[in-house]
Amino acid sequence: MTYLPDTGYTPTTEDRESLDAWFARYDEASGKRDIERMADMAVFPLNLVSDDSAGDGRSAQWSREQFVATMTQVMGDGSQDITFESTRTPVFLSSSMAVVFTDSAMTMDGHTQQLRYADILLRRNGEWAFQTMIQGGWGDNL
């Protein structure tokens, strides 16, 4: 059982439903390799946090252009959609900030890869957007 920290904010049903709906749209864009749409769902500069092959923590800020170029290279231009089976655990800090932990199985071109990552999302003008991506193993590419 996962115990969430007491942040002092109890999310409403709408908070959770709107976040789940955002991730459904993001996963759909990711599955179709629609990198521009994915970028539309972010706040730039985008913060990235990872670790490198030497075991050192790394961070960077990317522009929209860097995000699009890197994600295009990482996701490729395969003809098949990418599928995701994800379990997400959001921790709401307020009605407009959430840290979301994700365990996911991503299948691309017949190969499945397990992913574990976290995102920090902000809600602005009623819409969620990711602002920070956190995942181990990408630091050499930052």
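Predicted model only: the values in this text are computed from it and were never measured. (Residues numbered from 1 in each chain as written. Predicted model: local features only at pLDDT ≥ 70, side-chain atom pairs only at ≥ 80, totals over all residues. Heavy atoms only, no water.)

J.: Can you walk me through the pairing of strand 3 (residues 83–94) in this structure?
T.: Looking along a regular strand, one sees side chains alternate from face to face of the sheet. For strand 3 and strand 4 (residues 97–108), the ladder comprises 11 bridges, and the chain directions are antiparallel. Of the residues in strand 4, the one forming a bridge with F84 is M106. (Pairing = 2+ DSSP bridges. Helix = DSSP H or I, 4+ residues; strand = E, 2+ residues; numbered from the N terminus.)

J.: Would you explain the layout of surface pockets in this entry?
T.: Once rolled over the atoms, a probe with the size of a water molecule shows which space is left empty. Approximately 660 Å³ is the volume found for the largest pocket. Taken together, 29 residues line the largest pocket, and the ones lying closest to its centre are M71, V74, M133, Q135 and W138. Within the residue set of the lining of the largest pocket, elements represented by two or more residues are helix 1 (13–31), strand 1 (42–51), helix 3 (64–75), strand 3, strand 4, strand 5 (111–124) and strand 6 (127–134). By residue class, the composition of the lining of the largest pocket is 20 nonpolar, six polar and three charged. (1 Å grid on protein atoms, 1.4 Å probe; cavity = no way out; pocket = protein on both sides within 12 Å on 5 of 7 lines; lining within 4 Å. Points joined across faces, edges and corners; volume = space filled by probe spheres on them. Nonpolar A, V, L, I, M, F, W, Y, C, P; charged D, E, K, R; others polar.)

J.: Honestly, helix 3 in this entry has me stumped. Any pointers?
T.: In an α-helix, one turn spans 3.6 residues; hence positions three or four apart end up facing the same way. Relative to the 16 Å expected for 12 residues at 1.5 Å per residue, helix 3 spans 16 Å between its end C-alpha atoms, a close match to the ideal helical length. Of the residues making up helix 3, those classed as buried are F67, V68, M71 and M75. The arc that holds the buried residues of helix 3, viewed along the axis, is 95°, so those residues lie on one side. In helix 3, the exposed positions angled more than 90 degrees off the buried face are occupied by E65 and Q73. G76 lies just past helix 3 and shows a positive phi near 70°. (Expected span 1.5 Å × (residues − 1). Buried < 20%, exposed > 50% of the residue type's maximum accessible area, 1.4 Å probe, protein only. Arc of directions from axis to C-beta.)

J.: What's the story with the sheet that holds strand 5 in this structure? I'm lost.
T.: By way of backbone hydrogen bonds, the strands of a sheet pair with one another, either parallel or antiparallel. In space, the six strands of this open sheet follow the order 2-1-6-5-4-3, with mixed pairing throughout. Sheet topology places strand 2 (57–62) and strand 3 at the edges, where each strand pairs with a single neighbour. Strand-to-strand, the axes of this sheet are offset by a mean angle of 25°, without reference to chain direction. By the bridge criterion, four bridges tie strand 1 to strand 6 in an arrangement that is parallel. Bridge pairing in strand 6 links L48 to M133. On the sheet, helix 1 packs against strand 3, strand 4, strand 5 and strand 6 and is oriented at approximately 145° with respect to strand 3. The sheet contacts of helix 3 involve strand 1, strand 2, strand 4 and strand 6, and relative to strand 2 the element is tilted by about 120°. (Axes fitted to C-alpha atoms, helices over the stretch in contact; angles between N-to-C directions. Contact = heavy atoms within 4.5 Å.)

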